[in-house]
Amino acid sequence: MALQTQMLRRNVKEAKAKFWWNSLCSSFSTVPSPIDSPPQLPPFDYQPKPYKGPSADEILQKRKKFLGPSLFYYYQKPLNIVEGKMQYLFDENGRRYLDAFAGIVTVSCGHCHPQILNAIMEQSKLLQHATTIYLNHTIGDFAETLAAKMPGNLKVVYFVNSGSEANELAMLMARLYSGNLEMISLRNSYHGGSSGTIGLTALNTWKYSIPQGEIHHVINPDPYRGIFGSDPTGYAKDVQDHIDYGTSGKVAGFISETIQGVGGAVELAPGYLKLVYDIVRKAGGVCIADEVQTGFGRTGSHYWGFETQGVIPDIVTMAKGIGNGLPLGAVVTTPEIAQVMAQKIQFNTFGGNPVCSAGGLEVLRVIDQEKRQEHCAAVGSHLIGRLRELQRSHDIIGDVRGRGLMVGIELVTDRKEKTPAKAETAILFEKLKELGILVGKGGIHGNVFRIKPPMCFTKDDADCLVDALDYSMSKL
């Protein structure tokens, strides 16, 4: 009799739980049901070439022996990536992966895009290198096309090889033009790893104990974690306070990303840059937009990230997506600011070399021809919408943010306290790889998934990614 009573109570309890679940689902009709089976990658008509090179273990041993110990790799068992095609990567066994991180936001048009490859190879057959001491049409054609993409009087282009180099040059320009020394950047920012740009970067994981230069790091206008929420005025006042109390009253410049990349896809509070640009210019400084990750239509709504804030900078830096994988960067500024560089010889051996210029020019053409900005807007809107639906189902998702195909998913163990879900993020990171999905990680606590794929990423790819997240989170 006691056993029958116990079974009856359990059945009633299960019936109540089932009723509660059904009621919840009917109340939130947009909440997706959990994925029961592992999602499959969308079909892709491409067969990778057979790989005959060394194994992942052999490469790892060679890397440990001959490359610097500061290098790190993703995953407990690192991937040996041997081939790429558009938004997909292939390992040594021919397994396909959906690349949702684009070589750290670098592959803009797609891995081994045939049109870009052809431009690079054709130029390589003619002339690989000459430097700017001789004339060659490729660098001029590239600069002209790039300058045409810029607003206002941003018409003078300097080509370099990386984002760090671009930001070094921009800081030099700001100091020479303004006659002042002190720079302002945001906390949680990343502007490079060179000895100069380490000072601008404000994440301790990327900074060595060396002199940082005359740099002030102001409060980050983070709508999710910031002390003033989405209100830009309090954050802007902090900039003014730094100038009033921490400088002579004059500064060289202010630099910021519009959506912080390494910091975890943090989009600045709306209206922030307008307020700050006015404050900085009144203090004699110039305003620098770091477009290394946000440029070239990735945000969908605009070609340049700074346009989302309704401002025109004095200097714009760019790299990564400008070359679709080529070592290429650029600084674009006004003729007035550029003139200060003529005081001495300013030269870059590889900046704008013929092969990189031909490839970079073709990148700009492909972005236009394939309407990648519009594509980012459409696919990004679909992706963010699905992620916000997923957020309703999984409490671990604290925030979904970003624009276009520059998206962040911040994971927390407590939505109220916003406690970073460090361990859970690491587990999900591995699970996604097992499902064939490669994402990035960011934020100072490493608890933000960075979704920044090649801009040929499709809605089917987005659905696969979200389904993989749903499946993995359901298994936690």
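Shown above is the structure to which this text applies.
These notes cover the structure that comes with them. (Residues numbered from 1 in each chain as written. Predicted model: local features only at pLDDT ≥ 70, side-chain atom pairs only at ≥ 80, totals over all residues. Heavy atoms only, no water.)

### Focus on the pattern of salt bridges
Here the structure, examined in full by the defined rule, presents 14 salt bridges. Of the charged contacts, one joins R403 and E267 as a salt bridge, the two residues approaching to 2.5 Å between their closest N and O atoms. Of this pair, R403 sits in strand 13 (residues 397–403) while E267 sits in strand 9 (residues 266–267), and the two are 136 residues apart along the sequence. Given a relative accessible area of 17%, E267 falls into the buried group. (Salt bridge = Lys/Arg side-chain N within 4 Å of Asp/Glu carboxyl O. Helix = DSSP H or I, 4+ residues; strand = E, 2+ residues; numbered from the N terminus. Buried < 20%, exposed > 50% of the residue type's maximum accessible area, 1.4 Å probe, protein only.)

### Things to note about the pairing of strand 5 (residues 183–186)
Of the two faces of strand 5, the one holding M183 and S185 and the one holding I184 and L186 are both buried throughout. Across four bridges, strand 5 lies against strand 6 (residues 215–218) in parallel orientation. Across the sheet, residue I184 finds its bridge partner in strand 6, namely H216. The sheet contact formed by strand 5 and strand 7 (residues 253–257) spans three bridges and is parallel. In the strand pairing of strand 7, I184 is matched with F254. (Pairing = 2+ DSSP bridges.)

### Details of helix 4 (residues 114–126)
Here helix 4 is 13 residues long and its end C-alpha atoms lie 19 Å apart, about the 18 Å a rise of 1.5 Å per residue gives. Packing partners of the buried residues in helix 4 comprise helix 5 (137–147) and helix 11 (354–369). (Expected span 1.5 Å × (residues − 1). Contact = heavy atoms within 4.5 Å.)

### Thoughts on unusual backbone geometry
Phi at T131 is positive, roughly 70°, even though this residue is not glycine. You can see T131 is positioned in the loop between helix 4 and helix 5. With relative accessibility at 18%, the residue T131 sits in the buried group.

### Describing the nonpolar core
Membership of the largest hydrophobic core comes to 92 residues, with the highest contact counts inside it found for L146, Y272, M318 and F449. By residue number, the principal contributor to this core is helix 14 (residues 459–474), which donates eight residues. Those residues within four positions of L146 in sequence are excluded, and the remaining contacts are V157, F159, F296, W304, M318, I322, A330, V332 and L364. Counting 21 residues, the second-largest nonpolar core is a separate cluster that includes V160, I215, A252 and I288. (Core = buried A, V, L, I, M, F, W, Y, C linked by side-chain atoms within 4.5 Å.)

### Quick word on the sheet that holds strand 11 (residues 315–318)
Ordered in space as 4-12-11-10-7-5-6, the seven strands form an open sheet in which the pairing is mixed. In this open sheet, the two strands that pair with only one neighbour each are strand 4 (156–160) and strand 6. Averaged over all pairs of adjacent strands, the angle between their axes in this sheet comes to 20°, without regard to strand direction. Packing of helix 6 (residues 163–178) onto the sheet brings it into contact with strand 4, strand 5, strand 6, strand 7, strand 10 (286–290), strand 11 and strand 12 (329–333), and relative to strand 11 it is tilted by some 165°. (Axes fitted to C-alpha atoms, helices over the stretch in contact; angles between N-to-C directions.)

### Points about the packing of helix 13 (residues 422–434) against helix 14
The geometry of helix 13 relative to helix 14 is characterised by a closest axis approach of 10 Å and an angle of 125° between their N-to-C directions. Taken together, the axes of helix 13 and helix 14 are oblique relative to one another. Crossing of helix 13 against helix 14: the hand is right-handed. For the pair helix 13 and helix 14, the contacting residues are L428, K431 and L432 in the first and A468, L469, S472 and M473 in the second. Its residues assigned to classes, the contact of helix 13 with helix 14 comprises five nonpolar, one polar and one charged. (Parallel < 35°, antiparallel > 145°, perpendicular 65-115°, else oblique. Left-handed = near helix turned anticlockwise from the far one by under 90°. Nonpolar A, V, L, I, M, F, W, Y, C, P; charged D, E, K, R; others polar.)

### Things to note about the sheet that holds strand 1 (residues 81–85)
As summarised here, the arrangement of the four strands in space is 1-2-3-16, forming an open sheet in which the pairing is mixed. Edge positions in the open sheet fall to strand 1 and strand 16 (437–438), since each of these has one partner strand only.

### Concerning a nonpolar patch on the surface
A surface patch of nonpolar side chains, amounting to about 530 Å² of accessible area, comprises I133, Y134, I345 and F347. Relative to the helices and strands, F347 is located in the loop between helix 10 (335–338) and helix 11. Take F347: its relative accessible area is 43%, and that puts it in the partly exposed class. (Patch = residues over 30% accessible without salt bridge, like charges linked within 9 Å, V, L, I, M, F, W, Y side chains within 5 Å. Areas by Shrake-Rupley, 256 points an atom, 1.4 Å probe, with all protein chains shown as cover.)

### Overview of the side chain of S108
Here S108 shows up in the loop between helix 3 (102–105) and helix 4. Residue class for S108 comes out buried when judged on its relative accessible area of 3%. At 2.8 Å, the side chain of S108 and the backbone oxygen of G321 are in polar contact. Dropping the residues within four chain positions of it, S108 is found in contact with R298, G321, N324, V363, P454, M455 and C456. (Polar contact = N/O pair within 3.5 Å; in protein donor to acceptor, adjacent residues only side chain to side chain.)

### Brief notes about the environment of L176
Mapped onto the elements of the fold, L176 is located in helix 6. L176 sits in the partly exposed class, given a relative accessible area of 37%. Along the backbone, L176 and L127 are 49 residues apart, and their C-alpha atoms lie at a distance of 35 Å. Discounting residues that sit within four places of it in the chain, L176 has contacts with V340 and M341.

### Concerning the packing of aromatic side chains
Throughout the structure, instances matching the rule amount to 18 aromatic pairs. Ring centres of Y75 and F429 lie 4.7 Å apart, and the angle between their planes is 20°; this geometry places the pair in the stacked category. Of this pair, Y75 sits in the loop between helix 2 (56–66) and strand 1 while F429 sits in helix 13, and the two are 354 residues apart along the sequence. Across this residue pair, the class does not change: Y75 and F429 are buried. On the basis of an interplanar angle of 80° and a centroid distance of 5.1 Å, the ring pair of F228 and Y235 is categorised as edge-to-face. Under the relative-accessibility criterion, F228 is labelled partly exposed at 37%. Ring-pair connections join several aromatic residues into one group, and the members of that group are F72, Y74, Y75, F101, F429 and F449. Here R96 stacks its cationic end above the ring of Y88, 4.6 Å away from the centre of that ring. (Phe/Tyr/Trp six-rings, centres within 6.5 Å; stacked < 30°, edge-to-face > 60°. Lys NZ or Arg CZ within 6 Å of the ring centre and 35° of its normal.)

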